[in-house]
Amino acid sequence: MELIYFDNNATTMVDKRVIEAMHPYFAQKYGNPSSIYDLGAEAGKALKASRAVITEFLGAKDPKEIIFNSCASEGANTVIKGVLELDKARKHLITTRVEHPCVMTVHQELEKKGYKVSYVDVDYNGDLDVKQLESLVTPETALVSVMWANNETGAIYPVEQIARIVKEKSPTTKVFVDAVQIAGKRQLNVKDTDIDFLVISGHKFHAPKGVGVLYIKSGNILKPLIEGGHQERGKRAGTENVPYIAGIARAAELAMENIVEENTKVKALRDRLEEGILKNVFNASLNSKSRERMCNTTNIGFEYIEGELILLHLNDLGICASSGSACTSGSLEPSHVLKAMGTPFTCLHGSIRLSLSRYNTEQEVDYVIKHLPEVIDKIAGISPFQKELAELRKNR
Ligand code: PLP
């Protein structure tokens, strides 16, 4: 069996059709899109066409709302810091306990500078306490930041409803959505929502790393994070990365082409994988059965064993998976998402995330279902928790 890649929430393989679409803009149509001569105009044309595609991808109203940048982390920093720069009077922010570090860390830093941050809780399934969020919004709240889908559990949050609630309680409070994981998994329609700002990242849906999009709903202003030239309507300085922008637009087109069929196929594979593991591994349980879950993600806890060890054994079998988010793996700190969910300590260190894409197959799923029980048995054999593991096997 060749490499089996089940870590698509960390990053995805670039689609060959995306590489093809990028190719002309490296050494043929390499002009600066702001230049007046034909070579520049060709790049400018690609930029305009890409912006139109992304407008459709997000369901935005106007291509002017689309700002190209380098990644979602840049977009999140731009929004959170940019809103506060122009709203010096308000010092209260709301976010959730399960955000990606690119949102969480910025809030933690703001707290050190004297801002008050309220963190919304999630339940044991990873579902957000929307009522609590509602109770926290006041006219003093400058910004509410909520992810559309969680990268670790796949839990989907009702951001459209949340945005509406926020505006009802405080019309001038801004709403920011990290849509990194949902992009490409369902058709978005931001124009019909109260979302003010939103970010996506190309490398999560088969475009390369290093290109992202910041959506700014018409009527909103932001202080740019990167100042300089007048690119991107003065909202993000720096010569546009035309090949990568052509790439993210092509990836968006491909995602839109078969969005329902592809995601139905991915969900069937994910369900087969999840059911197979839960049935065949004696100490496995699902960490998140959230109300609504991304079709490609499963997060499974294996009691009394170490998640990193599972990953190393899977790697030996050519299987790529993750424990927690890519950004936190490498540290032995358990995932802040699972901790926020109150995942029992017996699973907290022994959880892995498997995330699929359009490239996965049934054979790959079956290979994992066949080999994972052997891996778990091997690790269980050297665990210091022999009594507890024996008990689990008995009660299975
Ligand atoms: N938000 C979520 C939910 C993510 O999963 C990630 C990447 O892991 C990011 C933001 C950051 O994206 P980028 O790598 O484009 O900065």
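In every chain, residue numbers begin from 1 and rise along the written sequence. A pLDDT threshold of at least 70 governs which residues receive local features in this predicted model, and a stricter bar of 80 or more applies before side-chain atom pairs are shown or counted, although totals over entire chains, interfaces and linings include all residues. Excluded from the side-chain calculation are hydrogens and water; included are all heavy atoms of the structure.

A. Molecular detail of empty space enclosed by the protein. Buriedness of a pocket was judged along seven lines, with at least five required to meet protein on both sides within 12 Å; pockets are open sets of points on a 1 Å grid over the protein atoms alone, cavities are sets where a 1.4 Å probe fits but cannot get out, and lining residues have an atom within 4 Å of a point. Grid points are joined across faces, edges and corners, and a volume is the space filled by probe spheres set on the points. One pass over the full model with this rule turns up two cavities of 30 Å³ or more. Space inside the largest cavity adds up to approximately 220 Å³. Lining the largest cavity we find 18 residues, and of these G184, K185, H206, N263 and R358 sit closest to its centre. Element by element, the count of residues in the lining of the largest cavity is highest for helix α9 (residues 259-280), at four residues. Helix and strand assignments follow DSSP, with helices taken as H or I runs no shorter than four residues and strands as E runs no shorter than two, numbered in order from the N terminus.

B. Fine view of the domain arrangement of the protein chain. Domain delimitation in this document rests on an assignment produced automatically or drawn from a domain database. For the protein chain, the assigned domains read domain 1 (4-12 + 259-395) and domain 2 (16-257). Note on contacts: a residue pair qualifies if any of its non-hydrogen atoms lie within 4.5 Å across the two residues. Facing 31 residues of domain 1, the contacting portion of domain 2 comprises 37 residues. Between domain 1 and domain 2 the total buried area reaches about 3,000 Å² when both faces are included, carbon and sulfur atoms providing 49% of it. Just to be clear on terms, a salt bridge is a Lys or Arg side-chain nitrogen sitting within 4 Å of an Asp or Glu carboxyl oxygen. Inspection of the region where domain 1 meets domain 2 yields one salt bridge. Here E292 and R186 are joined by a salt bridge, their closest N and O atoms 2.5 Å apart. Secondary structure elements with two or more residues in the side of domain 1 that touches domain 2: α9, β10 (297-302) and α11 (336-341). The element contributing the most residues to the side of domain 1 that touches domain 2 is α11, with four residues. Gly is placed with the polar residues, together with every amino acid not listed as nonpolar (Ala, Val, Leu, Ile, Met, Phe, Trp, Tyr, Cys and Pro) or charged (Asp, Glu, Lys and Arg). Of the residues belonging to the side of domain 1 that touches domain 2, the class tally is nine nonpolar, 16 polar and six charged. The buried area of a pairing is the accessible area, by a 1.4 Å probe, that goes missing from both parts when the two are put together, added over both.

C. Examining the packing of aromatic side chains more closely. Here a pair means two rings of Phe, Tyr or Trp (six-membered ring of Trp) with centres within 6.5 Å. Their orientation is stacked below 30 degrees between planes, edge-to-face above 60, and tilted elsewhere. Taken as a whole, this structure holds three aromatic pairs when the rule is applied. Centre to centre, the rings of F26 and Y244 are 6.4 Å apart; their planes meet at 85 degrees, and the pair counts as edge-to-face. Taken together, the residues F26 in helix α2 (residues 24-27) and Y244 in helix α8 (residues 242-257) connect sequence positions 218 residues apart. Burial classification: accessible surface area is computed with a 1.4 Å probe over protein chains only, and a residue below 20% of its type maximum counts as buried, one above 50% as exposed, and the rest as partly exposed. Of the residues examined, F26 reaches a relative accessible area of 45% and is grouped as partly exposed. On the basis of relative accessible area, Y244 is assigned to the partly exposed category, the value being 24%. For the pair Y304 and F385, a centre-to-centre distance of 5.1 Å together with 40 degrees between the ring planes defines the contact as tilted. You can see Y304 sitting in the loop between β10 and α10 (307-316) and its partner F385 sitting in the loop between α13 (362-381) and α14 (386-395), a full 81 residues away along the chain. F385 gets classed as partly exposed once you look at its relative accessible area, which sits at 33%. The lysine or arginine in question, R393, covers the ring of F282, its NZ or CZ lying 3.9 Å from the ring centre. Comment: the charge-over-ring label is applied if NZ (Lys) or CZ (Arg) is within 6 Å of the ring centre and within 35 degrees of the ring normal.

D. Here's a closer look at the site of the ligand. Here a residue is near a molecule or strand as soon as one of its heavy atoms is found within 4 Å of it. Of all residues adjacent to the ligand, which total 13 residues, the nearest are S73, D178, Q181, S201 and K204. Nitrogen and oxygen atoms within 3.5 Å of one another constitute a polar contact, given that in protein one can donate a hydrogen and the other can accept it, and given that sequence-neighbouring residues count only through two side-chain atoms. Taking H100, its side chain carries an N or O atom lying 3.2 Å from an oxygen atom of the ligand. Each accessible area is a Shrake-Rupley result for a 1.4 Å probe, and residues are judged covered by the shown protein chains and nothing else. For the ligand, the accessible surface in isolation is 390 Å², of which the surrounding protein chains cover 90%. Class assignment of the residues belonging to the shell around the ligand gives a composition of five nonpolar, six polar and two charged.

E. Local environment of helix α3 (residues 38-58). Multiply 1.5 Å by the residue count of a helix minus one, and that product is the helix's expected span. Between its first and last C-alpha atoms α3 spans 30 Å; for 21 residues at 1.5 Å apiece the expected length is 30 Å, and the two agree. Among the residues of α3, G40, A43, G44, A46, L47, S50, R51, V53, I54, T55, F57 and L58 are the ones counted as buried. In this structure, the buried side of α3 is in contact with α2, β2 (66-69), β7 (197-201), β8 (212-216) and α8. A positive phi of about 65 degrees marks G59, the residue just after α3.

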